[in-house]
Structure formats: C-alpha cells, structure tokens
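As a plain string of letters, each chain reads:
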Amino acid sequence: MEKEVVFTERAPAPIGPYSQGVIAEGKFLFVSGQIPIDPETGELVNGPIEAQAERAIRNLLAVVEAAGGSARNIVKVTVYLRDMKGYARFNEVYERYFSTSRPARAVVEVSNLPKGVDVEIEAVAVL
C-alpha cells in the first residue's frame, strides 16, 4: 500500500505518536482528530463551543489543504462532543464551512477528550 504523511504548520503539531493526516493509495486522505489548539501559539482555545469548533475546523481544513484538497473533498466527518447540549451551537459554526458541500457525518457525545477540550473533529477526504 502506498502511504504519504501530511504535515502543515497551519495546524497544531501532533501531541502524540500520530500524523496530522495520511494519504493512502494517492487519493484517500485520513485526517486525525483536530482539537482547538492555536497552531501559532500552541495554546488551547478556551471558551464557548463556538470558539472551540471554529479553531478545530480551521485546523482540520489546514491539513486537507496541505494535502491539496479543500472542504469540497471531504466525504466523511466524525465529531466528538463532550456535551451534546452544545450540538446546535456547534452546527452553526460547522455550517459556515460546509454549507455547499455537506459530507456524511456522525456526532458522538464522549466523556472526555484530549486536554479536556469540548470538541474534536476527524475527517476522510478523497483528493
């Protein structure tokens, strides 16, 4: 299997033994879960779910763009929320980025996420 690691300084460096993204067979991009870390400062974006969602989505798109794609290439998104009560507010931010190109999606409530954030987003894209 052909595999290529994707890395960009426009998204946070991995905080563990994984890649920001991996391209398989030259066209399938798997983007690791992105949390709301500002890649310029390395600091967490705290605050309401909207601010965290904004940063996590921007990080996700930075990896997709580094692989040569855009939001239109994303075919599947998985969203992990610590509290489903923030679902509608998360969707308001999400729709700004995916209003014309809506990938398949799952949203899952989880008990905890890395660094105690409220949202993590991963994706699959076809380049």
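Residues numbered from 1 in each chain as written. Predicted model: local features only at pLDDT ≥ 70, side-chain atom pairs only at ≥ 80, totals over all residues. Heavy atoms only, no water.

- You'll find the protein chain entered in an unreviewed UniProt entry as Endoribonuclease L-PSP, YjgF-like protein, with Thermococcus cleftensis given as the organism.
- Turning to the protein chain, the UniProt annotation filed under Sequence similarities (unreviewed entry) states: "Belongs to the RutC family." (UniProt positions renumbered as here; feature names shortened; annotations may be inferred.)

1. Side note on helix 1 (residues 49-66)
And then number 1: Taking 1.5 Å of rise per residue, 18 residues should cover 26 Å, and helix 1 covers 26 Å from first to last C-alpha, within 8% of that figure.
And then number 2: Positive phi shows up at Gly 68, right after helix 1, with a value of about 95°. (Helix = DSSP H or I, 4+ residues; strand = E, 2+ residues; numbered from the N terminus. Expected span 1.5 Å × (residues − 1).)

2. Describing the nonpolar core
And then number 1: In this structure, Leu 29, Ile 74, Phe 90, Val 119 and Ile 121 are the most contacted members of the largest nonpolar core, which totals 28 residues.
And then number 2: Once residues lying within four places of it in the same chain are set aside, the contact partners of Leu 29 are Val 6, Gly 21, Val 22, Ile 23, Val 63, Val 64, Ala 67, Ala 123, Val 124, Ala 125 and Leu 127.
And then number 3: One finds Ile 35, Ile 37, Val 110 and Leu 113 within the second-largest nonpolar core, a separate group that totals five residues. (Core = buried A, V, L, I, M, F, W, Y, C linked by side-chain atoms within 4.5 Å. Buried < 20%, exposed > 50% of the residue type's maximum accessible area, 1.4 Å probe, protein only. Contact = heavy atoms within 4.5 Å.)

3. Observations concerning the environment of Gly 116
And then number 1: Summarising the element assignment, Gly 116 is placed in the loop between strand 5 (104-109) and strand 6 (119-126).
And then number 2: Taking the C-alpha atoms as reference, Gly 116 lies 18 Å from Thr 41; in sequence the two are 75 residues apart.

4. Digging into the packing of helix 1 against helix 2 (residues 87-98)
And then number 1: At their nearest, the axes of helix 1 and helix 2 sit 8 Å apart, and the two run at 30° to each other. By the angle between their axes, helix 1 is roughly parallel relative to helix 2. For the pair helix 1 and helix 2, the sense of crossing is right-handed. Counted together, Ile 49, Glu 50, Ala 53, Glu 54, Ile 57, Arg 58 and Leu 61 of helix 1 and Arg 89, Phe 90, Val 93, Tyr 94, Arg 96, Tyr 97 and Phe 98 of helix 2 form the full contact between these two elements.
And then number 2: For the contact of helix 1 with helix 2, a count of residues per class yields nine nonpolar, no polar and five charged. (Axes fitted to C-alpha atoms, helices over the stretch in contact; angles between N-to-C directions. Parallel < 35°, antiparallel > 145°, perpendicular 65-115°, else oblique. Left-handed = near helix turned anticlockwise from the far one by under 90°. Nonpolar A, V, L, I, M, F, W, Y, C, P; charged D, E, K, R; others polar.)

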